[in-house]
Amino acid sequence: LTENNARHLWHPMAHPADSLANPPDIITGGDGVEITDVDGHRMVDAVGGLWNVNLGYSCEPVKKAISEQLDRLPYYSIFRGTTNDAVIELSLMLRDFFEPDGLTRAFFTSGGSDSVEIALRLARQYHKVRGEGGRVKYLSLKKGYHGTHTLGASVNGNANFRTQYEPLMPGCYHIPAPYPYRNPFGETDPEKLAQLCLSALEDEIAFQGAETIAAMIMEPILGAGGVIPPHESFMPGVREICSKHGILLIADEVITAFGRTGSWSGSRHWGVQPDMMCTAKAITNGYFPFGAVMISGAVAEVFENDTSGKAAIGSGYTYSGHPVGAAAAIACLKETERLQVKDNAAARGAQLWEGLKALKEKHALVGNVRGGHGLMCAVELVSDRSTKAPIDKKTIGAVHRVAYENGAMLRVSGPNIILSPPLVLTEAHVNTILSALDAGLSAQG
Ligand code: PMP
């Protein structure tokens, strides 16, 4: 398997030569919140797949729903004049789920990158339908991650994901993110930093001209950029600025929706109603590739009341509203609500966060720990605490390896170790993650 993997399989987010040099972890089994590798080694999945396996790997109602749907109708998607009954049922459930966020309509996609692409396109179209076709630009946060498609890559805040593919979409501008540990203002107070970033947003809008900007897209808590929760004033401040200038606010909740932050959505966590919300990942918990863009009533009405013909949605997918995905999503939402997973995410997240703070006291390699909002945490490693010099790839790789051997799959992202386990884990599982990480850090000290 290792040899075939190296020869015939390219890994995303990796240099092709890396999979030749470093044999990957081949996972062959998943059960509860644990995974098993090809050698039979079992460990807690502290990454929850890729932040998506909120309900764990053996969720029987989801498996049953998929199998029943496969027997009844394995395929018929939403396209022009067709739809299917499963996805209609799902759209009603999503409406109920996201009504507190002001979001009542759904456009179905095949994953997070698609959801981002669709939301950004719909934002431009919304303005065109309203006769403001000059609003074509996009704003986003530095360190934000919005997927792999061209629009998403253009708004990605991390230049590493953009430069190889430039020129990308023109008219995308990146605002400093409120990241107290490292920021261009040298500001460590989260509230003051949030205000500085909001001022930078106002400045960029003034410079570009509000009448040229379609939308601002942001994650309520930056995820892949290193789990960076902003001060509570930040997202409400962005909402206010966007509303003042007629700019749509798109919440990219591909990670944060469905309970990960300890709230049903990241936006709700900050008391903000976005105009659109990108979802994917936990909507089907990894059991089927699926996503949905949720749309506010006010935005939807502009499309629905259009008489000019400009509102026809020109973005169609073969798999939009796939009935098997819809059936999986219905079952996942039912389980998500029945188990009230957001409450366990909050409780176990608090335990994990306390444990990480203790590890920071113990290990000089730990420069910064971030968490405190459900089961989304990060440990940023440095080679020197006083200069904050980033850790080298080899050392962080070694931390990962020792933790793996000690029973926890972690995720390394640049200088960060990301922790986003399934939301159904127990106190004992959190202790396993913490002791495995402790072992990984101790082995380097
Ligand atoms: N947006 C965010 C915030 C994400 O974290 C991701 C994936 N990690 C995406 C978009 C892209 O989603 P996908 O990988 O399902 O295309």
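Residues numbered from 1 in each chain as written. Predicted model: local features only at pLDDT ≥ 70, side-chain atom pairs only at ≥ 80, totals over all residues.

Enquirer: How should I be thinking about the pairing of strand E5 (residues 137-141) in this particular structure?
Expert: Each regular strand carries side chains that alternate between the two faces of the sheet. E5 sits mainly inside the fold: five of its five residues count as buried. Along E5, one buried face is formed by Lys-137, Leu-139 and Leu-141 and the opposite face, lined by Tyr-138 and Ser-140, is buried too. The pairing of E5 with strand E6 (residues 172-175) spans four bridges and is parallel. Its bridge partner lying in E6, Leu-141 is registered against Ile-175. Between the parallel elements E5 and E6, the chain passes through helix H7 (residues 150-155) in a crossover that is right-handed. (Buried ≥ 20, exposed ≤ 12 C-beta atoms within 10 Å, placed from the backbone. Helix = DSSP H or I, 4+ residues; strand = E, 2+ residues; numbered from the N terminus. Pairing = 2+ DSSP bridges. Right-handed = clockwise from strand over helix to strand, strands pointing away.)

Enquirer: Help me understand the domain arrangement of the protein, please; the structure alone is not making it clear to me.
Expert: As a measure of interface size, the accessible area lost when the parts come together is often cited. When its domains are assigned, the protein resolves into domain 1 (2-55 + 340-444) and domain 2 (62-338). For domain 1 and domain 2, the distance between their C-alpha centroids amounts to 26 Å. The set of elements that each furnish at least two residues to the side of domain 1 that touches domain 2 consists of helix H3 (48-51), helix H13 (341-362), strand E11 (366-370), strand E12 (377-384) and strand E16 (416-419). Considering each element in turn, the side of domain 1 that touches domain 2 owes the most residues, five residues, to H13. Tallied by class, the residues present in the side of domain 1 that touches domain 2 amount to twelve nonpolar, 13 polar and four charged. (Domains from an automatic or database assignment. Nonpolar A, V, L, I, M, F, W, Y, C, P; charged D, E, K, R; others polar.)

Enquirer: Looking at this model, I keep getting lost on the sheet that holds strand E3 (residues 42-45). Mind explaining?
Expert: Strand-to-strand pairing in sheets goes through backbone hydrogen bonds, with the strands running parallel or antiparallel. If you walk across this open sheet you meet the four strands as E1-E2-E3-E14, and the pairing is mixed. Every other strand in the sheet has two partners, leaving strand E1 (27-31) and strand E14 (408-409) as the edge strands with one partner each. Bridging between E3 and E14 involves two bridges; their strand directions are parallel. Counterpart to Val-44 in the pairing with E14 is Ala-408.

Enquirer: I tried to follow the site of the ligand on my own but got confused; where do I start?
Expert: Surveying the vicinity of the ligand reveals 14 residues, the closest of which are Gly-111, Gly-112, Ser-113, Gly-147 and Val-254. Residues of the shell around the ligand, tallied by class, amount to six nonpolar, six polar and two charged. (Near = placed C-beta within 6 Å.)

Enquirer: What should I look at first to understand the nonpolar core in this one?
Expert: Most often, soluble globular proteins have nonpolar side chains that are buried together. Counting 126 residues, the largest nonpolar core has Ile-250 and Ala-328 as the members making the most contacts within it. When residues of this core are assigned to domains, at least three fall in each of domain 1 (2-55 + 340-444) and domain 2 (62-338). In this structure, Ala-328 is in contact with Val-62, Ala-65, Ile-66, Thr-284, Tyr-287, Phe-288 and Phe-290, ignoring residues within four places of it in sequence. (Core = buried A, V, L, I, M, F, W, Y, C linked by C-beta atoms within 7 Å. Contact = placed C-beta atoms within 7 Å.)

Enquirer: How should I be thinking about the sheet that holds strand E4 (residues 103-109) in this particular structure?
Expert: Spatial strand order, E4-E10-E9-E8-E7-E5-E6: seven strands in an open sheet with mixed pairing. The two strands at the open ends of the sheet, each matched to only one other strand, are E4 and E6. With strand direction ignored, the average angle separating the axes of adjacent strands in the sheet is 20°. The pairing of E4 with strand E10 (residues 291-296) spans six bridges and is classified as antiparallel. Across the sheet, residue Ala-106 finds its bridge partner in E10, namely Met-294. (Axes fitted to C-alpha atoms, helices over the stretch in contact; angles between N-to-C directions.)

Enquirer: Can you walk me through H13 in this structure?
Expert: Since the α-helix advances by 3.6 residues per turn, residues separated by three or four positions end up pointing in the same direction. The first and last C-alpha atoms of H13 sit 31 Å apart over 22 residues, in line with the 32 Å expected at 1.5 Å per residue. Of the residues making up H13, those classed as buried are Val-341, Lys-342, Asn-344, Ala-345, Arg-348, Gly-349, Leu-352, Trp-353, Gly-355 and Leu-356. Buried residues along H13 sit against helix H12 (323-338), E11, E12, E16 and helix H15 (427-444). (Expected span 1.5 Å × (residues − 1).)

Enquirer: Just checking my understanding: could you explain helix H8 (residues 190-208) for this structure?
Expert: Here H8 is 19 residues long and its end C-alpha atoms lie 27 Å apart, about the 27 Å a rise of 1.5 Å per residue gives. Among the residues of H8, those classed as buried are Leu-193, Ala-194, Cys-197, Leu-201 and Ile-205. Considered in projection along H8, the buried side chains sweep an arc of 125° and stay on one side of the axis. Of the residues in H8, the exposed ones pointing more than 90 degrees away from the buried face are Asp-203, Ala-206 and Phe-207. Considering only its buried residues, H8 is in contact with E5, E6, strand E7 (213-218) and helix H9 (234-245). (Arc of directions from axis to C-beta.)

Enquirer: Where do I start with the packing of H13 against H15 in this structure?
Expert: Relative placement of two packed helices is described by the angle separating their axes and the distance separating the axes. Put simply, H13 and H15 touch, their axes get as near as 10 Å, and they point 20° apart. Taken together, the axes of H13 and H15 lie roughly parallel to each other. For the crossing formed where H13 meets H15, the hand is right-handed. Of the residues in H15, those touching H13 at Arg-348, Gln-351, Leu-352, Gly-355 and Leu-359 are Glu-427, Val-430, Ile-433, Leu-434, Leu-437, Asp-438 and Leu-441. Classifying every residue of the contact of H13 with H15 by side-chain character gives seven nonpolar, two polar and three charged. (Parallel < 35°, antiparallel > 145°, perpendicular 65-115°, else oblique. Left-handed = near helix turned anticlockwise from the far one by under 90°.)

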